[in-house]
Amino acid sequence: MRKLTAVVLGAGSRGRLIYGPYAEKFPNELHIVAVAEPNEERRNQFAAIHNIAPEHVYSTWEPVFEQGRIADVMIISTLDRLHYVPAMKAMELGYHVLLEKPMSPSKDECIELEQASHHFKRLLVVSHVLRYSPFWSGIKKWIEAGELGTIATIQLTENVGYQHMTHSYVRGNWRKSEETSPMILAKSCHDLDIISWLMGQPCTHVSSYGSLLHFRSENAPEGSTDRCINGCEVEKECAFSALKMYMQPPEHPWARYMHINDLSQESILKALEEGPFGRCVYRCDNNVVDHQVVNMEFENGANASFIMSGLTQSGARRVQIMGTKGEIIGDMDKGSYTLYRYVTGEKVEIDCNVAGDGHGGGDERLISSFLRDVRDFDTNPSKGLTSATASLQSHLMAFAAEQSRLNSGQSIKLVDMITKREIGV
């Protein structure tokens, strides 16, 4: 097995906690030779772990391209609006690219990226990790085997979980759609991609409703303050208290995502006093929705409904797939689903829980699949399971959903989203 070299742009949550550890766990497969990360502490720590030469440690992504191509692949895990330009430059230089979702907050840029992957004859794989998990890939195999007959309806619910909601979409980096992307794209393009993949046919119409219902200033309780730590009179009774969420020794499950490396009590308290994660959830500058529903129609008349809510206890995804011969009901959080066969009355229980790997086992399988496709590319070119081509429909579905939501649920034809494109390559 040929070891591949990689440049990582962005050593934040995904770069530092997913891609970096894969190279540590499988050093014979992947070696990271360069990193670009604006946070000095994270940058230096990442460089030390992977023994990266000082001349290949960058504070911004732009200088990475001044030396030409210095590795086999580029992994882009920057913020949403910093995906398009480096991905285009990387493919032009000859890199195969693993790109965090969404491809871009711009519909036209998503289309251009997909076209560029063909133009430059490079792999552009999007991190739609759910397809790689045993849960969803197992369901897909039952469908392809004809167990459900023709799918009539898919109903998928994404319970974001109130802690994830407040951390990422109220206090955190993805709280403002104009700075990152709408929540239906930033968070739920995974789910739209799964629906698109399971249906296996073009989506024709999309409609959607949603709003920011709860995390608004007018809902702030009397006695609350700008920060949970600044004498808030209702902090102890508040479900969204930053003190409750981040001060949880010894693991500090959410503090590790606060962009601090020192998880001492002193360091966490300082971050709550000075950083974004200590703010009252009712007094932030967030504007993305905290709940949304999307309805979809497909080419053969099948339909799907998707519900996203940030007002839930768990972060589980639950699915029901209704077909002409059978039905599947599953809970990704539990890692299990049930297949019902109408003719025989059989009930088949499938357990595919994967412990210790994110997204139900999808994270490691995504990286492994990408590296395998890169190694085989010259002799057996592949676009990849979650190539830009495969992922484009779900991105367009997300753009259509947001357009519909902003226009009182108006039904949007996906063909209209596609025909307006202008290819810049």
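Residues numbered from 1 in each chain as written. Predicted model: local features only at pLDDT ≥ 70, side-chain atom pairs only at ≥ 80, totals over all residues. Heavy atoms only, no water.

S.K.: Got a minute to help me understand the UniProt feature "domain: Gfo/Idh/MocA-like oxidoreductase N-terminal" (unreviewed entry) in the protein chain in this structure?
M.R.: Here the UniProt feature "domain: Gfo/Idh/MocA-like oxidoreductase N-terminal" (unreviewed entry) sits at residues 6-126. When the span residues 6-126 is considered, its composition is 38% helix and 20% strand, and the gap between its end C-alpha atoms is 16 Å. (UniProt positions renumbered as here; feature names shortened; annotations may be inferred. Helix = DSSP H or I, 4+ residues; strand = E, 2+ residues; numbered from the N terminus.)

S.K.: I would appreciate a short explanation of the pairing of strand β12 (residues 326-331) in the present structure.
M.R.: The side chains of a regular strand alternate between both faces of the sheet. Across the six residues that make up β12, a large majority, five, are buried. By the bridge criterion, five bridges tie strand β11 (residues 317-323) to β12 in an arrangement that is antiparallel. The partner of Val319 across the bridge, within β12, is Gly330. Remark: two residues form the turn of the hairpin made by β11 and β12, two consecutive strands paired antiparallel. Bridge count between β12 and strand β13 (residues 336-341): six bridges; the pairing is antiparallel. If you follow Glu327 over to β13, its bridge partner there is Tyr340. Hairpin geometry of β12 and β13 is characterised by an intervening segment of four residues between the two adjacent antiparallel strands and by a positive phi of about 70° at Gly335. (Buried < 20%, exposed > 50% of the residue type's maximum accessible area, 1.4 Å probe, protein only. Pairing = 2+ DSSP bridges.)

S.K.: Before we go on, may I ask you to explain the sheet that holds β13 in this structure?
M.R.: The strand order across the open sheet built from nine strands is β14-β13-β12-β11-β7-β10-β9-β8-β15, with neighbouring strands paired in mixed fashion. The open sheet has two free edges, formed respectively by β14 (347-351) and β15 (412-413), since each of these has just one partner strand. Alignment of β13 against β14, held across five bridges, turns out to be antiparallel. What sits directly across from Tyr337, in β14, is Ile350. Taken strand by strand, helix α5 (residues 134-144) contacts β7 (151-159), β11, β12, β13 and β14, and its axis lies near 10° from that of β13. (Contact = heavy atoms within 4.5 Å. Axes fitted to C-alpha atoms, helices over the stretch in contact; angles between N-to-C directions.)

S.K.: Would you mind going over the environment of Trp61 with me for this structure?
M.R.: Tracing the backbone through its elements, the reader meets Trp61 in the loop between β3 (57-58) and β4 (73-76). Through-space distance from the C-alpha of Trp61 to that of Val8 is 9.3 Å; in sequence the pair is 53 residues apart. Sequence-distant contacts of Trp61, that is, excluding residues within four places in its chain, are made with Leu9, Ala36, Leu82, Val85, Pro86 and Lys89.

S.K.: Just checking my understanding: could you explain a nonpolar patch on the surface for this structure?
M.R.: A cluster of nonpolar residues, Tyr209, Val293 and Ile307, forms a patch on the protein surface that exposes about 260 Å² of accessible area. With respect to the helices and strands, Val293 occurs in strand β9 (residues 291-298). (Patch = residues over 30% accessible without salt bridge, like charges linked within 9 Å, V, L, I, M, F, W, Y side chains within 5 Å. Areas by Shrake-Rupley, 256 points an atom, 1.4 Å probe, with all protein chains shown as cover. Salt bridge = Lys/Arg side-chain N within 4 Å of Asp/Glu carboxyl O.)

S.K.: Is there a simple way to think about empty space enclosed by the protein in this case?
M.R.: Summary: where empty space remains is shown by rolling a probe the size of a single water molecule over the atoms. For the structure on display, the rule yields one cavity of 30 Å³ or more. Computed from the structure, the largest cavity encloses a volume of approximately 90 Å³. Contributing to the lining of the largest cavity are 15 residues, with Ser224, Cys228, Cys232, Cys238 and Cys280 lying nearest its centre. Of the residues that constitute the lining of the largest cavity, the class distribution is nine nonpolar, three polar and three charged. (1 Å grid on protein atoms, 1.4 Å probe; cavity = no way out; pocket = protein on both sides within 12 Å on 5 of 7 lines; lining within 4 Å. Points joined across faces, edges and corners; volume = space filled by probe spheres on them. Nonpolar A, V, L, I, M, F, W, Y, C, P; charged D, E, K, R; others polar.)

S.K.: Would you mind showing me how to read the packing of aromatic side chains here?
M.R.: In this description, an aromatic ring pair is defined by two values, namely the gap between the centres and the angle between the planes. Under the criterion given, the structure shown has 10 aromatic pairs. Ring geometry for Tyr22 versus Phe26: centroids 4.7 Å apart, planes at 45°, classification tilted. Of the residues examined, Tyr22 reaches a relative accessible area of 3% and is grouped as buried. Their ring planes at 80° and their centres at 5.9 Å tell us that Trp61 and Phe65 sit as a pair that is edge-to-face. (Phe/Tyr/Trp six-rings, centres within 6.5 Å; stacked < 30°, edge-to-face > 60°.)

S.K.: How do you make sense of unusual backbone geometry when you look at a structure like this?
M.R.: Residues apart from glycine generally show negative phi values, whereas peptide bonds are mostly found in trans. Lys101 connects to Pro102 through a cis peptide bond whose omega is -10°. Checked against the element boundaries, Pro102 lands in the loop between β5 (96-99) and α4 (107-119). Located in the positive-phi region is Asn51, a residue other than glycine, with phi close to 55°. One can find Asn51 in the loop between α2 (40-49) and β3.

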